[in-house]
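# Commentary on secondary and tertiary structure
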Amino acid sequence: MNAGEVPPTSGLPPRFAELFGGRAEPFDQAVAAFVGAPTALITSSGTAAMVIAFTALSRKLRRQTVIIPGYTCPLVPLAAARAGLKVVACDTLPGSFELDLDRLAELADEDTLCVVPTHYGGALIDVARIAARLKQVAPQAAIVEDAAQSFGARWHGESVGLAGDIGIFSFTVGKGLTLFEGGAIVSRDPALMTDLRVVAEELLTPGSMVELRRAAELVGYHLAYNPVGLRLVYGRPRRYWLARGDEIRASGDDVPESIGLHYVGHWRQAFGARALRRLPMHLAQTRRIFAEIGAGLADVPGLTLHEPAPGVEPSATFRFGTFAKAAQCRACLDRLWSSRLGVTKLFARAIGDYPSMTPLLTPSPTPNARDLAARTLTLSTSPYLQDSRF
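In this report, the structure presented in the accompanying data block is examined. For every chain, the first residue of its written sequence is number 1, and the numbers climb from 1 along that sequence. For this predicted model, a pLDDT threshold of at least 70 governs which residues receive local features, and a threshold of 80 or more governs which side-chain atom pairs are given and counted, while totals over whole chains, interfaces and linings are taken from all residues. Excluding hydrogens and water, the side-chain values take into account all heavy atoms of the structure.

The secondary structure listing takes helices from DSSP runs of H or I that are at least 4 residues long and strands from runs of E that are at least 2 residues long, numbered from the N terminus. With respect to the helices, strands and loops of the structure, Ala80 is situated in helix α4 (residues 75-82). Each C-alpha atom, one on Ala80 and one on Ala191, is 22 Å from the other, the two residues being 111 residues apart in sequence. By definition, residues are in contact when any of their heavy atoms lie within 4.5 Å. Apart from the residues within four sequence positions on either side, Ala80 is in contact with Phe54, Val66, Leu85 and Val87.

Put into structure tokens, the structure is as follows:
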């Protein structure tokens, strides 16, 4: 086991039996029941779900600007651009993943379509706080919760994704439950959900060849998602790019220019419904590891571990660690990023500092997000991380 690779996040360990056998309820119904939503719309990815959400909202509200966090996934502005919208980044609070509400108030105006708070696998965002401020400055703007990393996370007993107007989940590799690629949209608003389904019917295609490839990749995932297989499919490419000084590719942030918009086949959906039954037990194990890592590193000088507030349960697929100084974070990464211990960066940079994102973003300074990205790394909570290696 010590010769193997720890993944950067805690994915649900695959079981071959779930690929080929056993009855399953419809996946959309299983997802809706799991999060407590009236219904769910299944899409080809979390990014595809965002394209559908942005398109439906823009048709309804007739506005053009999407406000995103300064620290978020590059796929978010890509989805907004695919929907033909303008994107502007809002800075975070110093040393925090929460949006700076004063800066949000400066950015929001009559053209603001929506704000997209990002929930992370290791930390959740207070959506009610954002909604209260947004009501003051742009009351017609919507909130789209980016819960791509947080399927199974709960805020005071309620699933994330339901506090705003629309919630987005992802079932891609590394997000806990996976179909290899997949996503879901939820909303409490029946009329809005109808609008989302109308747009999905327009944009999503059968994509039989793509679905065949995804099915093969899901089988390959079952073969490779173990400490030995991960060393080849995850560890080797990461070390290759780190050796060449390309931290964007090492972090997996080199996003494709195109976004696949297609339906998810019945076979993968049935697999997802069967695998979902094991997710609560897996999340409980992951949260125990999350707490153990926190206890084990509590006394490390200059390191802040972001702890959830009482009543807040992230999916805990990894832990954030933020150093007092960027140089400390760099020293730690120089030693451990190329190791097999699951230490990495969630995002290599603040969103405005990716060269590929510059054409998609309206210029907006995000110094706190840039500082946060420079000082923060992530620690895997995978069960493959043994005590001796930790």
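Hydrogen bonds between backbone groups are what pair the strands of a sheet, and the pairing can be parallel or antiparallel. As summarised here, the arrangement of the four strands in space is β10-β12-β15-β13, forming an open sheet in which the pairing is antiparallel. A single partner strand is all that each edge strand has here, and the edge strands are β10 (303-305) and β13 (343-344). Contacting β12 (318-323) and β15 (376-380), helix α14 (residues 367-375) crosses the sheet at an angle of about 45° to β15. Note on pairing: DSSP must find at least two bridges between two strands before they are called paired. An axis is simply a line fitted to the C-alpha atoms; with a helix, the fit covers only the stretch in contact. Between two such axes, the angle follows the N-to-C directions and lies from 0 to 180 degrees.

As a further point, take helix α7 (residues 190-203). Every helix has an expected span of 1.5 Å times one less than the residues it contains. Taking 1.5 Å of rise per residue, the 14 residues of α7 would be expected to cover 20 Å, and the 20 Å separating its terminal C-alpha atoms lies within 8% of that figure. Listed as buried for α7 are Leu192, Met193, Leu196, Val199 and Ala200. Seen from one end, α7 has its buried residues packed into an arc of 120°, which puts them on one side. Exposed side of α7, more than 90 degrees from the buried face: Pro190 and Glu201 are the residues found there. Among the structural elements, β1 (41-43), α3 (46-61), β8 (166-170) and β9 (183-186) are those in contact with the buried residues of α7. With a side-chain oxygen lying 3.0 Å from the backbone nitrogen of Ala191, the N-terminal cap of α7 falls on Asp189. Partly exposed residues are those whose accessible area sits between 20% and 50% of the maximum for their type, while under 20% is buried and over 50% is exposed, using a 1.4 Å probe and protein chains only. Throughout, the arc means that of the directions going from the helix axis to the C-beta atoms. Any N or O atom pair separated by 3.5 Å or less is treated as a polar contact, with the protein-specific requirement of one donor-capable and one acceptor-capable atom, and with residues adjacent in sequence counted only for side-chain atom pairs.

Here Gly21 shows up in the loop between α1 (17-20) and α2 (27-35). Considering only alpha carbons, one finds Gly21 and Ala270, 249 residues apart in sequence, at a separation of 9.4 Å.

The next thing to look at is the packing of aromatic side chains. Where two aromatic rings form a pair, the distance of their centres and the angle of their planes describe that pair. Only Phe, Tyr and Trp rings take part, Trp by its six-membered ring, and two of them pair if their centres are within 6.5 Å. Stacked means planes under 30 degrees apart, edge-to-face means over 60, and tilted covers everything else. Using the criterion set out here, one finds 16 aromatic pairs in the structure. Taking the centre distance of 5.0 Å and the plane angle of 90° together, the rings of Phe151 and Phe171 count as edge-to-face. Placement of the pair is Phe151 in the loop between β5 (142-146) and β6 (154-155) and Phe171 in the loop between β8 and β9, with a sequence separation of 20 residues. The burial state of Phe151 is the same as that of Phe171; both residues are buried. A ring has a charge above it when a Lys NZ or an Arg CZ is no more than 6 Å from the ring centre and no more than 35 degrees off the ring normal. Here the basic side chain of Arg244 rests over the ring of Tyr240, its NZ or CZ set 3.6 Å away from the ring centre. Above the face of the Phe290 ring, Arg319 is positioned so that its terminal group lies 3.9 Å from the ring centre.

Here we take up the side chain of Thr381. Summarising the element assignment, Thr381 is placed in the segment after β15. A relative accessible area of 0% means that Thr381 is categorised as buried. Of the polar contacts made by the side chain of Thr381, one reaches the backbone oxygen of Ala316; its length is 2.6 Å. Beyond its immediate sequence surroundings of up to four residues, Thr381 is in contact with Ser10, Thr286, Ile289, Phe290, Ile293, Ala316, Thr317, Phe318 and Arg319.

Where α3 contacts α4, the two axes come as close as 8 Å, and the packing angle between them is 40°. Taken together, the axes of α3 and α4 are oblique relative to one another. The two elements α3 and α4 cross, and the hand of that crossing is right-handed. Where α3 abuts α4, its residues Thr47, Met50, Val51 and Phe54 lie against Leu75, Val76, Ala79, Ala80 and Arg82. Amino acids outside the nonpolar list (Ala, Val, Leu, Ile, Met, Phe, Trp, Tyr, Cys, Pro) and the charged list (Asp, Glu, Lys, Arg) are all regarded as polar, and Gly is one of them. Tallied by class, residues from the contact of α3 with α4 come to seven nonpolar, one polar and one charged. Here is the rule for angles: anything less than 35 degrees is roughly parallel, anything more than 145 is roughly antiparallel, 65 through 115 is roughly perpendicular, and the remaining ranges are oblique. We call a crossing left-handed when the near helix sits turned anticlockwise from the far one by less than a right angle, and right-handed when that turn is clockwise.

The sheet built from eight strands is open, its strands ordered β1-β9-β8-β5-β4-β2-β3-β14 with mixed pairing. Edge positions in the open sheet fall to β1 and β14 (361-362), since each of these has one partner strand only. Where α2 meets the sheet, its contacts fall on β1, β8 and β9, and the angle it forms with β1 comes to roughly 115°.

An α-helical turn contains 3.6 residues, so any two residues separated by three or four positions project in the same direction. Compared with an ideal rise of 1.5 Å per residue, which puts 16 residues at 22 Å, α3 spans 22 Å between its outermost C-alpha atoms and is within 8% of the ideal. Most of α3 is tucked away: 13 of the 16 residues are buried. One side-chain oxygen of the residue at the start of α3 lies 3.4 Å from the amide nitrogen of Thr47, identifying that residue as Ser45.

This next bit is on the packing of α2 against helix α11 (residues 266-276). Running from N to C, α2 and α11 cross one another at 30°; their axes reach a closest spacing of 8 Å. One finds that α2 runs roughly parallel with respect to α11. The chirality of how α2 crosses α11 is left-handed. Contacts from Phe27, Asp28, Ala30, Val31 and Phe34 of α2 reach α11 at Gln269, Gly272, Ala273 and Leu276. In terms of residue class, the contact of α2 with α11 is made up of six nonpolar, two polar and one charged.

Before going further, it helps to examine the pairing of strand β3 (residues 86-90). Most of β3 sits inside the fold, with four of its five residues counted as buried. With five bridges connecting them, strand β2 (residues 65-69) and β3 associate as parallel partners. Paired with Thr65 across the two strands is Lys86, which belongs to β3. Think of it like this: strands point away, you trace from the first strand over the helix to the second, and a clockwise trace means the crossover is right-handed. In terms of handedness, the path from β2 via α4 over to β3 forms a crossover that is right-handed. Strand direction decides the pairing type here: β3 and β14, joined by two bridges, are parallel.

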